[in-house]
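Topology and contacts: notes
The primary structure of each chain is shown beneath.
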Amino acid sequence: MASTQLTSADLQSILSFTINLAREAGALILEGSVAIQSASSKDSDVGEKKNSVDLVTEYDVRVEELVQKKLKSQYPTFQFIGEESYSAGARPPLTDEPTFCVDPIDGTTNFIHGFPFVCISLGLIYKRRPILGVIYNPFLDHMYTGIKGHGSFLRRGLNTEPVKLPLSSPPKPLPSLSQALIAVEWGSDRTQTTINAKANSFSRLAGNPAQGVAGGKMAHSLRSLGSAALNYAIVAQGGLDLYWEIGCWPWDVCAGIVIAEEAGGVVTGSHDVFESSSAETFGVVTEDILAGRKYLVVRAIGDTPDENGSAAQKRIIKEFYASVEDVEPN
């Protein structure tokens, strides 16, 4: 039993605080982007890479330090997991206590290039389950939020009303992968085994079986936003039908899991995890799934006369995992 008990009112208060914090962090991210683009325009090709990477690291650390300091001041008993602190060796075990799970800048390659799909991802884990999420893209001023059991929302701009997710109500049907817009990522692991497995998988998802691609699904298209958190958010929104990832970490997906689930989406782990799930455990994001580094999220799917939405999600996941290759993340 956790010693800290969170009520619905507590969660609403935490959400308000983290929204404001995300905006403050977003301002720092925008400042960093200006600095990186300025450095890139002044330096040689050799120096540009070094200086851009150094600046990304600097702003990654600055944003995480800002967020950690503010959260620690407001919620001194809560635990904290963050990308930069984790990389530095701080790896506390997950407990039942409230634990913030934060990626200060998700989409660092985009950040370097000035591609405006960069965000801060603020998640809260409680009793080992993701329970609250805030994802903020300061370049587009899109704020995604969600609390377990209370829905998820998108606010475009500061002085606008939040819109409940998904944006399509009722959700659209999804007859097969051939009608799907699928998010995938190459990721940072560029070893031959991983690259080959992903390339083969992407080829089958996009390829036309009538034109020689064995097992081709002829999906509408594949998209790579370069940010796991934003991929989750746009699946929740309904703009992407599903998102598959191998190699992410809990801070990349924690907030997005809550936002997607509260929009009617379903999250599962690896192929083996999906195959071994029961009717009771399907769609339950356990600690093992959260930390498993293999994720598949499918948007809300509308009921049809022949199939309810949950059954459609299972069907799509089964079709998807029959089409891609599994690989162990490095």
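As a starting point, this report considers the structure included with it. Just so it is clear, the structure is predicted and the values come from calculations on it, not from any experiment.

Description of the overall build of the protein chain
For the protein chain, the count of helices and strands is 10 helices and 12 strands. Taking 2.2 N^0.38 as the reference for a compact globule, 330 residues should give roughly 20 Å; the C-alpha atoms of the protein chain span a radius of gyration of 20 Å, in line with that estimate. A principal-axis box enclosing the C-alpha atoms of the protein chain has dimensions of 55 × 55 × 40 Å. Counting the 330 residues in the protein chain, one finds 51% classified as buried. Intrachain contacts of the protein chain at a sequence separation of at least 6 include 67% that bridge at least 24 residues. By element, 53% of the accessible surface of the protein chain is carried by carbon and sulfur atoms, the whole surface being about 14700 Å². Side-chain charges of the protein chain comprise 28 positive and 38 negative groups, with the mean position of each set lying 2 Å from the other.

Section: the sheet that holds strand 10 (residues 242-246)
Within the open sheet, the 5 strands sit side by side as 9-8-10-12-11. Their pairing is mixed. Strand pairing shows two members of the sheet lacking a second neighbour, strand 9 (221-223) and strand 11 (266-268), which therefore form its edges. Strand-to-strand twist of the sheet, defined as the mean angle between neighbouring strand axes without regard to direction, takes the value 20°. Bridge count between strand 8 (residues 181-183) and strand 10: 2 bridges; the pairing is parallel.

What to know about helix 6 (residues 228-237)
Of all 10 residues in helix 6, 10 are buried, a share of seventy percent or more. Just beyond helix 6, the residue with positive phi is G238, at close to 105°.

Comments concerning the sheet that holds strand 1 (residues 79-82)
Across the sheet, which stays open at both edges, the 7 strands sit in the order 1-2-3-4-5-6-7 with mixed pairing between neighbours. Each edge of the open sheet is held by one strand with a lone partner, namely strand 1 and strand 7 (163-164). Alignment of strand 1 against strand 2 (residues 99-106), held across 4 bridges, turns out to be parallel. Residue pairing across strands places I81 opposite C101, the latter belonging to strand 2. Of the strands in this sheet, strand 1, strand 2, strand 3 (119-126), strand 4 (129-137), strand 5 (142-147), strand 6 (152-156) and strand 7 are in contact with helix 7 (residues 250-262), which crosses strand 4 at around 100°.

The rules we used
Residues numbered from 1 in each chain as written. Predicted model: local features only at pLDDT ≥ 70, side-chain atom pairs only at ≥ 80, totals over all residues. Heavy atoms only, no water. Helix = DSSP H or I, 4+ residues; strand = E, 2+ residues; numbered from the N terminus. Rg over C-alpha atoms; globule rule 2.2 N^0.38 Å. Buried < 20%, exposed > 50% of the residue type's maximum accessible area, 1.4 Å probe, protein only. Contact = heavy atoms within 4.5 Å. Areas by Shrake-Rupley, 256 points an atom, 1.4 Å probe, with all protein chains shown as cover. Lys, Arg positive; Asp, Glu negative; His and termini not counted. Charge placed at Lys NZ, Arg CZ, Asp CG, Glu CD. Pairing = 2+ DSSP bridges. Axes fitted to C-alpha atoms, helices over the stretch in contact; angles between N-to-C directions.

Function-wise, these values are silent; they only describe arrangement.
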